[in-house]
Amino acid sequence: MRSALSILLLFITVTALSQTKSAFISGRVVDENDVPISRVSVVILGKQTGTTTNDTGYFRIKVPSSRSFGLVFSFTGYNELQKNFYLSIDEEEKVTIQLERGSQTLKTVEVSTDKERTETGLVKINPKNAITLPSTTGGVEALIKILVGSNNELTSQYSVRGGNYDENLMYINDFEVFRPYLVRSGQQEGLSFINPELAKNVNFYTGGFQAKYGDKMSSVLDIQYKNPASFAGSAYISLMEQGLHIEGAAKKGKISYLLGIRNRSNKNLLKSQETIGAYIPSSSDVQAFITYKISNKIQLELLGIYSVSKFTLFPESVQKTTSVFSPFFTANLGLDVAFEGQERDGYQTNLIGLSLVHTPNKKLKLKWMVSRFQNKENENFDIAGTYLFGDRDFDQTSSTFGQIVNPLGAGYYQNYGRNELNIYVYNANVKGSYTAGKHVIQFGNSIEQTNITDRLKEWEYQDSAGYSLPYNPAQLNLFKSINSTADLSIQKFSGYIQDNIHFGKNNRNITLQAGVRYNYNSLNKEFLISPRMQFSIKPNWKKDVVVKLAAGAYQQPPFYRELRSYNGTVNTNVLAQRSYQVVGGVDYNFKGFGNRPFRISTEAYYKSMRSVDVYDIDNVKIRYAGNNNAKAYATGIEARLFGELVKDAESWFSIGIMQTKEDLDNDFYYQYKNAAGEIINAQSTDRVAVDSIKNNVGYVRRPTDRLITAGLYLEDYLTTNKNFKFHLNMLYGSNMSFNIPNSTRYRNALIIEPYIRVDAGFSAQLLSEKSPSDQGIRAGKRRSHSPFRSFQNIWASFEVFNLIDRRNTISFQLIKDFANNVYAMPNRLTPRLVNFKIVGRF
């Protein structure tokens, strides 16, 4: 009986405790004037259910006890507010919540944006994420790399659907801008050209873009800077980069201004490179955008950009290692180099653009534009290296651990260069649009003068085993020597007209964009016509689906690099590279993961290219053959998922499958046979011309060929507090090809191993205007003597670059041994690094 009574009492106690493991919060929600707000959503952070306020602003909600949690208060037209609690069992806390009027921040990809869904290849990017994204380069380009892939974390360059970086267009407020051309490696690059703090809209087209955009073959990055209506600003500081921006309006909104200043030094990043030495990189820029509203119909706009980057290197030594595995041979090969000399590079870029926007009536809008762009670059290097190549000892118990114990080659080399490049681009153009019913007609015409002055003087000396290469006992020869000048004056005329038609009937929406553009280049006297078309339809289905199709001609006249051949000579007869592209896609909106909105966009494409000017890529340096002696193609499929894997935390995933190959004209090689019919070396003494076999190489991989690319951007936060966030940036790219110089048979035959990169960032909000010291419970403004009284919020971030500590390969250094065999030693990128950053907005 006693035992039964004990069990009964224990059961009652446990039942009672289980029924009281909760608490309640009740109260009212009011605005700044203490007026009650009805229908305010009150939700436990991380949960899908909650309650709403009644007509008097009152609410009561059941909450967990004995643990921390957060309540989120949100209502249209007001800033969202979070309040953290810790309540005991059965406790009820009464609060008064005050919401402030404001606007919600736009998501990175607006699921409901029709333009993004109907225009082929368009991805809208939120530039604000460039500040929070954990990335070594930062900027909008780092976000683009998640979408299209990357193979180098030190550069802001990117490759789209098999094209190189020169095939991408970039506009800021409709002015075309260019990157420096003499940059050889990512470590020489400075700031991204785009200041994300100034940007309002970023539209990125991966292909199949409209006729209104210029004459390139791969992609368009279209950036519009903000036109602010009130004063605001931001400041940030990190171990690599610092920046400040202010914006505002004056004269009752007639004048608006936008100013950004940035400074960057990659010293902490570069000191972890394989090459040990003194790195002195620096990069700074100033950007301003000013508008003046002359009248309701006329507005004047001024855009100014000035950027300076410098790079100095005093190399000391480098140790490179690679492993060779085969059924017949296994070795750990090492290369030790001792350097002397230095490198000093400078890159200066500036743009000044003036626009007059005229809106005569509601139907017609005109924009008159004039601009001057300058690129001033110089390279100065004189670096010599003495090297020893052979088997490296990896036995940690050995006294020679880490040393080369079996030399296979030794030598000396010296690289010398004194290169200068000045580019001036003067442009005048007009563009406009006219609306007539269902038609929006866009048109434009441009006149451009380009002046290029180039001085290229560089040579390379190689000595292997005491013999200079190429070997000639009668005289000393340089391995490579270039001494070339170019003074070019080029006039370009281009224009376009396109019609945008929208048909709407019942629930079916159809859009058609058809246009044509022309281009004339005085350098090669070539006149180009490029028709382009986009079509989209939203069928009257139960599912929210949009089907898209685009086709057109995309032809790229030579600018500068395409004219220079491998030996430095300039071929002014190079014609435009021509491509014909077809793109088809499907865009699907759906609900998932707790009834949250998601969008998946899939596109398949095919590019047929003719008159191709083939190129090699070494790190970021693009070297062209300087002629139109090839044809090529690129084909693939891409899929991207956008949405909230975690509620109120944006994420996206991108994956692509692609193949691109090229076929050079007259690319063949011979195999020779001896009298017995055996294939022999070409230098054999018994070679007979009639006993040779001619082999055509055919299609080979292009330098940008990559079968699989994948990228993931993920945002998360603590379930009890949104003020602690986590950002993840993951990139994967399968292997790429690398060219063996002067080899027809083995063009692009070297393989660069897959690129795998994971960067992570941890952020904490230190201060918020919405919720100063007491998380928003009727909080007054900060005290007047507080140094942070003007700040809306301050975030601190701790970033880990290359979380998995994988040193990816970017290129190869070719080394000869004593027997004249050639080995490829990989040049590797950065290891794991950390960064700390503070961002404040006011």
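Residues numbered from 1 in each chain as written. Predicted model: local features only at pLDDT ≥ 70, side-chain atom pairs only at ≥ 80, totals over all residues. Heavy atoms only, no water.

Asker: Can you help me understand the overall build of the protein in this one?
Answerer: Broken down by element type, the protein carries five helices and 45 strands. The burial tally for the protein puts 52% of its 842 residues in the buried class. Sequence-distant contacts, at least 24 apart, represent 68% of the contacts inside the protein between residues at least 6 apart. Carbon and sulfur atoms make up 56% of the accessible area of the protein, which amounts to about 38,300 Å² in all. (Helix = DSSP H or I, 4+ residues; strand = E, 2+ residues; numbered from the N terminus. Buried < 20%, exposed > 50% of the residue type's maximum accessible area, 1.4 Å probe, protein only. Contact = heavy atoms within 4.5 Å. Areas by Shrake-Rupley, 256 points an atom, 1.4 Å probe, with all protein chains shown as cover.)

Asker: What's the story with the environment of Tyr-633 in this structure? I'm lost.
Answerer: With respect to the helices and strands, the residue Tyr-633 is situated in strand 31 (residues 630-646). Considering only alpha carbons, one finds Tyr-633 and Met-609, 24 residues apart in sequence, at a separation of 5.6 Å. Each residue touching Tyr-633, except ones within four places of it in the same chain, is listed here: Tyr-606, Lys-607, Met-609, Gln-659, Thr-660, Lys-661 and Tyr-699. Within the structure, the side chain of Tyr-633 is placed 2.9 Å from the side chain of Gln-659, a separation counted as a polar contact. (Polar contact = N/O pair within 3.5 Å; in protein donor to acceptor, adjacent residues only side chain to side chain.)

Asker: So what exactly am I meant to see when it comes to the confidence of the model for the protein here?
Answerer: The predicted coordinates ought not to be read in detail in places where the model reports low pLDDT. Looking at the protein, pLDDT values average 86 and 90% of them are 70 or higher. A low-confidence stretch, residues 1-20 stays under pLDDT 50, and its non-local contacts, those more than four residues away or across chains, total two contacts. Counting contacts from residues 771-780, a segment whose pLDDT is below 50, to residues more than four positions away or on other chains yields 22 contacts. (pLDDT = per-residue confidence, 0-100.)

Asker: Hey, could you run me through the sheet that holds strand 12 (residues 219-225) in this one?
Answerer: In sheet architecture, strand pairing relies on hydrogen bonds along the backbone and comes in two forms, parallel and antiparallel. Spatial strand order, 8-11-12-9-10: five strands in an open sheet with mixed pairing. Only two strands of the sheet have a single partner each, and these edge strands are strand 8 (122-125) and strand 10 (175-176). (Pairing = 2+ DSSP bridges.)

Asker: It is not clear to me how the side chain of Asn-195 should be interpreted in this structure. Could you clarify?
Answerer: By secondary structure assignment, the location of Asn-195 is in the loop between strand 10 and strand 11 (199-205). Here Asn-195 is in contact with Tyr-225, Gly-260, Arg-262 and Gln-287, once residues within four sequence places are set aside.

Asker: Teacher, can you tell me more about the pairing of strand 8 here?
Answerer: Each regular strand carries side chains that alternate between the two faces of the sheet. With burial as the criterion, each face of strand 8 is covered, one bearing Leu-122 and Lys-124 and the other bearing Val-123 and Ile-125. Here strand 8 runs beside strand 11; their pairing, made up of four bridges, is antiparallel. Across the sheet, the residue bridging to Leu-122 is Tyr-205, located in strand 11.

Asker: Where do I start with the packing of aromatic side chains in this structure?
Answerer: The description of two aromatic rings rests on the distance between their centres and on the angle between their planes. Taken as a whole, this structure holds 30 aromatic pairs when the rule is applied. With a centroid separation of 6.4 Å and an interplanar angle of 55°, the aromatic rings of Tyr-279 and Phe-311 are classed as tilted. Pair noted here: Tyr-279 is in strand 16 (residues 276-293) and Phe-311 is in strand 17 (residues 298-325), with a separation of 32 residues, a long-range link. Grouping residues by exposure puts Tyr-279 and Phe-311 together as buried. Between Phe-590 and Phe-598, the ring centres sit 5.8 Å apart and the planes meet at 15°, which makes this aromatic pair stacked. Accessibility expressed as a relative area gives 27% for Phe-590, which makes it partly exposed. Taken together, the aromatic side chains of Tyr-171, Tyr-205, Phe-209, Tyr-213 and Tyr-554 make up a single cluster linked through ring pairs. Between Arg-60 and the ring centre of Phe-24, over which it is positioned, the NZ or CZ distance is 3.9 Å. Just above the ring of Tyr-717 sits the side chain of Lys-722; from NZ or CZ to the centre is 5.6 Å. (Phe/Tyr/Trp six-rings, centres within 6.5 Å; stacked < 30°, edge-to-face > 60°. Lys NZ or Arg CZ within 6 Å of the ring centre and 35° of its normal.)

Asker: Is there a simple way to think about helix 4 (residues 139-148) in this case?
Answerer: One turn of an α-helix holds 3.6 residues; hence residues three or four places apart share an orientation. Burial within helix 4 is extensive, with ten of its ten residues counted as buried. All of the buried residues along helix 4 are Gly-139, Val-140, Glu-141, Ala-142, Leu-143, Ile-144, Lys-145, Ile-146, Leu-147 and Val-148. A positive phi of about 95° marks Gly-149, the residue just after helix 4.

Asker: I tried to follow unusual backbone geometry on my own but got confused; where do I start?
Answerer: As a rule of thumb, non-glycine residues mostly have phi less than zero, and peptide bonds are mostly trans rather than cis. Positive phi outside glycine occurs at Arg-161, with the angle close to 50°. Note that Arg-161 resides in the loop between helix 4 and strand 9 (168-172).

Asker: Please explain the pattern of salt bridges as it appears in this structure.
Answerer: Pairs can form between side chains of opposite charge whenever their charged atoms are close. Within this structure, the stated rule accounts for 37 salt bridges. Residues Arg-599 and Asp-587 are paired through a salt bridge, measuring 2.4 Å at the closest nitrogen-oxygen approach. Residue Arg-599 is found in strand 28 (residues 596-612), and its partner Asp-587 is found in strand 27 (residues 577-592); the two are separated by twelve residues along the sequence. As far as burial versus exposure is concerned, Arg-599 and Asp-587 are alike and both buried. One salt-bridge network, held together by shared partners, links Arg-117, Lys-538, Asp-544, Asp-587 and Arg-599. (Salt bridge = Lys/Arg side-chain N within 4 Å of Asp/Glu carboxyl O.)

Asker: Explain the side chain of Thr-830 to me, please; I cannot follow it from the model alone.
Answerer: Relative to the assigned elements, Thr-830 resides in the loop between strand 44 (822-828) and strand 45 (833-841). Within polar-contact distance, the side chain of Thr-830 engages the side chain of Glu-153 at 2.6 Å. Among the polar contacts listed, one links the side chain of Thr-830 to the side chain of Arg-757, at a separation of 3.4 Å. Those residues in contact with Thr-830 that lie beyond four places of it in its chain are Glu-153, Leu-154, Leu-269, Ser-272, Gln-273, Arg-757, Asn-802, Arg-806 and Arg-807.

Asker: Is there a simple way to think about the nonpolar core in this case?
Answerer: A general trend in soluble globular proteins is that nonpolar side chains are found buried together. Core analysis: the largest hydrophobic core is formed by 67 residues, its most contacted members being Phe-204, Leu-221, Ile-223 and Tyr-225. Beyond its immediate stretch of four places on either side in the chain, Leu-221 contacts Val-140, Ile-144, Tyr-158, Leu-169, Met-170, Tyr-171, Ile-194, Val-202, Asn-203 and Phe-204. Formed by 20 residues, the second largest nonpolar core is a distinct cluster that contains Val-42, Ile-61, Val-63 and Val-95. (Core = buried A, V, L, I, M, F, W, Y, C linked by side-chain atoms within 4.5 Å.)

Asker: It is not clear to me how a nonpolar patch on the surface should be interpreted in this structure. Could you clarify?
Answerer: A cluster of nonpolar side chains, Ile-290, Tyr-292, Ile-294, Leu-300, Leu-302, Ile-352, Leu-354, Leu-356, Trp-368 and Val-370, forms an exposed patch at the surface whose accessible area comes to about 810 Å². For the nonpolar patch, the secondary structure elements donating two or more residues are strand 16, strand 17, strand 18 (330-358) and strand 19 (364-392). It is strand 18 that provides the largest number of residues to the nonpolar patch, a total of three residues. Among the secondary structure elements, Ile-290 is positioned in strand 16. (Patch = residues over 30% accessible without salt bridge, like charges linked within 9 Å, V, L, I, M, F, W, Y side chains within 5 Å.)

Asker: Just to check I follow, could you spell out the sheet that holds strand 6 (residues 81-86) for this structure?
Answerer: The strand order 3-2-5-6 describes an open sheet built from four strands, whose pairing is antiparallel. Of all the strands in the sheet, just strand 3 (50-52) and strand 6 have a single pairing partner and so form its edges. The mean angle between the axes of side-by-side strands here comes to 20°, regardless of whether they run parallel or antiparallel. Relative to strand 5 (residues 68-74), strand 2 (residues 41-44) runs antiparallel, the two sharing four bridges. If you follow Val-43 over to strand 5, its bridge partner there is Val-72. (Axes fitted to C-alpha atoms, helices over the stretch in contact; angles between N-to-C directions.)

Asker: Just checking my understanding: could you explain the pairing of strand 14 (residues 241-250) for this structure?
Answerer: Relative to strand 14, strand 13 (residues 232-238) runs antiparallel, the two being bridged by six bridges. Within the sheet, the bridge partner assigned to Ala-232 lies in strand 14 and is Glu-247. Between the end of strand 13 and the start of strand 14, which pair antiparallel, lie two residues. What sits between strand 14 and strand 15 (residues 255-264) in their antiparallel hairpin is a turn of four residues, with Lys-251 showing a positive phi close to 55°.

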